[in-house]
Amino acid sequence: MKCKKCGYDSKNNRKKFDVFLCEICFSFSPDEKPVFDKYVNEKIDTAVLETFRLYSKNLREKQKQGMIQKAVKGNLMSRAPLGYKILGGKLIPAENSKEIEEIFEEFLNEEKSLRNLAEKHRLSVNGLKKVLKNFTYIGKIKFNNQIYGGEHQPLISTTLFNHVQNKLEKKGIK
Ligand SMILES: [Zn+2]
């Protein structure tokens, strides 16, 4: 049965309050019914959790739980990051994927304020910061404070990403 929260289909999915959940969604599910219902209705895409399923395969149960909890609490991505879309359970470049490189280039090369740059790309300042620090764009995945190689296509070069990180740091932008 498919997980009602993320759609992941596995025979290991378990039932709680008459609802099927995958291992990951199950491990986070609240125990009080009203909170539980709300939790289940906040859908999450199965692709988001795919990385954790892959990396956690070889871990002991306890490590696994810890890692998954941190990752999901860290709110990795509840949907595809700007510039990507999720198709067939995979992260692939979206129609607007070129915009990501533009944003990085503009931040690096133009002396625009974060606010101006954010407005230009219809982002909030916080959203813009998230974009500029997102390891997804160089094909990696960050969780549990570690960087892992992802399986998706990068949208920018590592060099550009690193230059932007340096500039963020120099400007004290957190
Ligand atoms: Zn699930």
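Residues numbered from 1 in each chain as written. Predicted model: local features only at pLDDT ≥ 70, side-chain atom pairs only at ≥ 80, totals over all residues.

1. Here we look at the overall build of the chain
Which entries qualify depends on this criterion: Helix numbering and strand numbering both begin at the N terminus, where a helix is a DSSP run of H or I of at least 4 residues and a strand a DSSP run of E of at least 2. Our exposure labels follow a C-beta count within 10 Å of each residue's own C-beta, placed from the backbone: buried means 20 or more other C-beta atoms, exposed means 12 or fewer, and partly exposed covers the counts in between. In this description, a residue-residue contact is defined by the distance between C-beta atoms placed from the backbone, which must lie within 7 Å.
In terms of helices and strands, the chain carries eight helices and six strands. Shown N-terminal to C-terminal, the secondary structure of the chain runs as helices and strands in the order β-β-α-α-α-α-β-β-α-α-α-β-β-α. The proportion of buried residues among the 174 residues of the chain is 19%. Contacts spanning at least 24 positions in sequence make up 44% of the contacts within the chain whose residues lie at least 6 apart.

2. Some words on unusual backbone geometry
Even without being a glycine, phenylalanine 17 presents a positive backbone phi close to 45 degrees. Taking the C-beta count within 10 Å as the criterion, phenylalanine 17 has 12 such neighbours and is therefore assigned exposed. Here the phi dihedral of aspartate 18 falls at roughly 70 degrees; this positive angle occurs in a residue that is not glycine. Along the polypeptide, aspartate 18 turns up in the loop between strand E1 (14-16) and strand E2 (19-21). Since 6 C-beta atoms lie within 10 Å of it, aspartate 18 is described here as exposed.

3. Focus: the confidence of the model for the chain
Applied cut-off: Each residue carries a pLDDT score, the predictor's own confidence in it, on a scale running from 0 to 100.
With 79% of its residues at a pLDDT of 70 or more, the chain shows a mean pLDDT of 83. Taken element by element, the chain is modelled with least confidence in helix H4 (residues 61-73), mean pLDDT 60, and with most confidence in helix H5 (residues 98-109), mean pLDDT 97. When the criterion is pLDDT under 50, residues 73-77 qualifies, and its contacts beyond four places in sequence or with other chains add up to five contacts.

4. Quick notes on the packing of H5 against helix H8 (residues 158-170)
Test applied: Note on method: axes are straight lines fitted to C-alpha atoms, helices fitted across the in-contact stretch only, with angles between N-to-C directions ranging 0 to 180 degrees. Roughly parallel here means an angle under 35 degrees, roughly antiparallel means over 145, roughly perpendicular means 65 to 115, and every remaining angle is called oblique. Handedness of a helix crossing follows the sense of rotation of the near helix relative to the far helix, less than a right angle counterclockwise being left-handed and clockwise being right-handed. Note on residue classes: Ala, Val, Leu, Ile, Met, Phe, Trp, Tyr, Cys and Pro are nonpolar, Asp, Glu, Lys and Arg are charged, and everything else, Gly too, is polar.
Taken N-terminus to C-terminus, the directions of H5 and H8 make an angle of 45 degrees; their axes are 10 Å apart at the nearest point. If you check the angle between H5 and H8, you find them oblique. As H5 runs across H8, the sense of the crossing is left-handed. In this structure, H5 contributes Phe104, Phe107 and Leu108 to the contact, and H8 contributes Leu160, His163, Val164 and Lys167. The class makeup of the residues in the contact of H5 with H8 is five nonpolar, one polar and one charged.

5. Here's the deal with H5
Side chains that are three or four residues apart share a direction in an α-helix, a result of its 3.6 residues per turn. Operational definition: The span expected for a helix works out to 1.5 Å for each residue beyond the first.
When the terminal C-alpha atoms of H5 are compared, their 17 Å separation across twelve residues agrees well with the 16 Å that a helix rising 1.5 Å per residue should span. If you follow the buried residues of H5, they end up packed against helix H6 (114-120), helix H7 (125-132) and H8.

6. A look at the nonpolar core
What counts here: Here, a nonpolar core means buried Ala, Val, Leu, Ile, Met, Phe, Trp, Tyr and Cys residues linked by C-beta atoms lying within 7 Å of one another.
By size, the foremost hydrophobic cluster in this structure holds twelve residues: Leu82, Ile100, Ile103, Phe104, Phe107, Leu128, Val131, Leu132, Tyr137, Leu155, Phe161 and Val164. If you list the elements that add at least two residues to this core, you get H5, H7 and H8. A per-element tally of this core places H5 first, with four residues. Residues within four places of phenylalanine 107 in sequence aside, it is in contact with Leu117, Leu132, Val164 and Lys167. Grouped together as the second largest cluster of nonpolar side chains are eight residues, Cys3, Cys22, Cys25 and Ile44 included.

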